[in-house]
Amino acid sequence: MALDQYRDEEEDEGMSFLDHLEQLRWHLLRSVAAVLIFTVAAFLAKSIVFGKVILGPSKVSFVTYQVLCKISDALNIPALCIDTLPFTIQSRQMTGQFSMHITSSLVVGLIVAFPYLFWEIWRFISPGLYSKERQAARGAVFFVSLLFFMGAGFGYFILSPLSINFLANYQLDPSILNEFDITSYVTTVVMLVLASALMFQLPVVIYFLSMSGLVSAAMLRSYRRHSIVVILVISAIITPPDVISQIIIAMPIMVLYETGIMIAKRLEKKRALEEQKLSENQ
């Protein structure tokens, strides 16, 4: 293990700063190429990507609304069923539809290509780590991608339809019609999906901070109340002014924070056992 660490350091020292920049350039070029390939594919599949995916939460046939109606029938709670969305989507700018077509295709390309994108970033970062650190971070690409897609799915299937339903039914006066611009609609959906995907990375962030010794389980527990306030504030920022939507996104983030505490505690126990074995061998 020490020999591997020595070899890694020797190889790293053998590369100049320009060599590292060249490597970074190729990693970035491959990442951008992957995103562009999926973006072009999404752009060509306009009827599916835009008609069914992006505009999905704006239609009562969306899977979330259908599930809520089934739950409403089973529990005999009519308020749960969302069978009308009293709003229309318009394009008030000449380039509105075309620019949103490009934007939505780019976002879809970024989301689909994310595992490869992160893998390229990880390939550039990992050679600079010690063998022990690389071993501890095994499976990083898988878990980061898994949490990213879980967060994106949560934002798309849960947060977006509930937020759209709230905003569609909110009226200051019955004489005011809700006619949303396509730019506003797409921006709202994209923000909710990407924000949820990033928020779901909390356990990974805590893992690496704990592994580097910057945070501990005791410290995370002591700041639990503060974290709840911060999570609620962030939830209020990224969601519409709807208390229900804020609570819905805050709850899984709080669960992920508690998961991070357990991860930090497990790492501390593992570190303590390794130190104990090392002292016994000495």
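Residues numbered from 1 in each chain as written. Predicted model: local features only at pLDDT ≥ 70, side-chain atom pairs only at ≥ 80, totals over all residues. Heavy atoms only, no water.

*Asks:* What is the right way to look at the overall build of the chain in this model?
*Replies:* Along the chain, the regular secondary structure elements total 13 helices and two strands. Summarising its shape, the C-alpha atoms of the chain cover approximately 80 × 45 × 30 Å along the three principal directions. A buried classification covers 36% of the 282 residues belonging to the chain. Taking as baseline every contact in the chain between residues at least 6 positions apart, the subset at least 24 positions apart corresponds to 79%. Here the chain displays about 17,400 Å² of accessible surface, and carbon together with sulfur accounts for 68% of that area. With 21 positive and 22 negative side-chain charges, the chain shows a separation of 6 Å between the mean positions of the two kinds. (Helix = DSSP H or I, 4+ residues; strand = E, 2+ residues; numbered from the N terminus. Buried < 20%, exposed > 50% of the residue type's maximum accessible area, 1.4 Å probe, protein only. Contact = heavy atoms within 4.5 Å. Areas by Shrake-Rupley, 256 points an atom, 1.4 Å probe, with all protein chains shown as cover. Lys, Arg positive; Asp, Glu negative; His and termini not counted. Charge placed at Lys NZ, Arg CZ, Asp CG, Glu CD.)

*Asks:* I would appreciate a short explanation of the environment of L146 in the present structure.
*Replies:* Of note, L146 is situated in helix α8 (residues 140-169). A relative accessible area of 37% means that L146 is categorised as partly exposed. Here the alpha-carbon distance between L146 and D173, two residues 27 residues apart in the chain, equals 44 Å.

*Asks:* I would appreciate a short explanation of the pattern of salt bridges in the present structure.
*Replies:* When the charged atoms of two side chains lie near each other, side chains of opposite charge can form a pair. A full pass over the atoms with the stated rule returns four salt bridges. For R30, the salt bridge is made with E120, and the minimal N-O distance between the two is 3.0 Å. Separated by 90 residues along the polypeptide, R30 in helix α2 (residues 17-44) and E120 in helix α6 (residues 114-125) bring together distant segments of the chain. Here E120 falls in the buried class, since its relative accessible area comes to 0%. For E120, the salt bridge identified is with R123, shortest N-O distance 3.5 Å. In this pair, E120 and R123 are both assigned in helix α6, three residues apart and thus about one turn of the helix distant. (Salt bridge = Lys/Arg side-chain N within 4 Å of Asp/Glu carboxyl O.)

*Asks:* How should I be thinking about the UniProt feature "transmembrane region" (unreviewed entry) in the chain in this particular structure?
*Replies:* The UniProt record annotates "transmembrane region" (unreviewed entry) at residues 32-55, 98-119, 140-162 and 182-210. End-to-end, the C-alpha atoms of residues 140-162 are 32 Å apart, and along that stretch the chain is 100% helix and 0% strand. Helix makes up 93% of residues 182-210 and strand 0%, whereas the separation of the span's terminal C-alpha atoms amounts to 43 Å. (UniProt positions renumbered as here; feature names shortened; annotations may be inferred.)

*Asks:* Honestly, the layout of surface pockets in this entry has me stumped. Any pointers?
*Replies:* The probe, sized like a water molecule, is rolled over the atoms to show the empty space still left. A volume near 1,000 Å³ is recorded for the largest pocket. No other element matches the ten residues that helix α13 (residues 243-281) contributes to the lining of the largest pocket. The residue inventory of the lining of the largest pocket, partitioned by class, reads 18 nonpolar, four polar and eight charged. Here the second largest pocket is characterised by a volume of approximately 240 Å³. What lines the second largest pocket is a set of 13 residues, and nearest its centre among them are V53, V108, I111, Y156 and V193. Put simply, the parts of the chain that give the lining of the second largest pocket at least two residues each are α3 (46-54), α5 (96-112), α8 and α9 (182-199). For the lining of the second largest pocket, the per-class residue count stands at twelve nonpolar, one polar and no charged. (1 Å grid on protein atoms, 1.4 Å probe; cavity = no way out; pocket = protein on both sides within 12 Å on 5 of 7 lines; lining within 4 Å. Points joined across faces, edges and corners; volume = space filled by probe spheres on them. Nonpolar A, V, L, I, M, F, W, Y, C, P; charged D, E, K, R; others polar.)

*Asks:* It is not clear to me how the environment of S105 should be interpreted in this structure. Could you clarify?
*Replies:* Relative to the assigned elements, S105 resides in helix α5. Taking the C-alpha atoms as reference points, S105 and G213, separated by 108 residues in sequence, lie 40 Å from one another. With near-sequence residues (within four places) excluded, S105 lies in contact with T39, A42 and F43.

*Asks:* Looking at this structure, how should I read the state of the cysteines?
*Replies:* Here, disulfide denotes a covalent bond that connects the sulfur atoms of two cysteines. Scanning all chains against the criterion turns up one disulfide. Residue pairing for C69: its cysteine sulfur links by disulfide to C81, the two sulfurs lying 2.1 Å apart. Since a negative S-S torsion denotes a left-handed disulfide, the C69-C81 link at about 80° is right-handed. Of this pair, C69 sits in helix α4 (residues 63-75) while C81 is found in the loop between α4 and β1 (88-90), placing the two residues twelve residues apart along the sequence. Under the relative-accessibility criterion, C81 is labelled partly exposed at 23%. (Disulfide = S-S within 2.5 Å.)

*Asks:* I would appreciate a short explanation of the packing of α3 against α5 in the present structure.
*Replies:* Each pair of packed helices can be summarised by the angle the axes make with each other and by the distance between the axes. Two elements in contact, α3 and α5, have axes separated by 11 Å at closest approach and are oriented at 85°. Taken together, α3 and α5 sit at an angle that is classed as roughly perpendicular. Where α3 approaches α5, its residues K46, V49, F50 and I54 are matched on the opposing element by M100, H101, S104 and V108. Here the contact of α3 with α5 is built from residues that sort into five nonpolar, two polar and one charged. (Axes fitted to C-alpha atoms, helices over the stretch in contact; angles between N-to-C directions. Parallel < 35°, antiparallel > 145°, perpendicular 65-115°, else oblique.)

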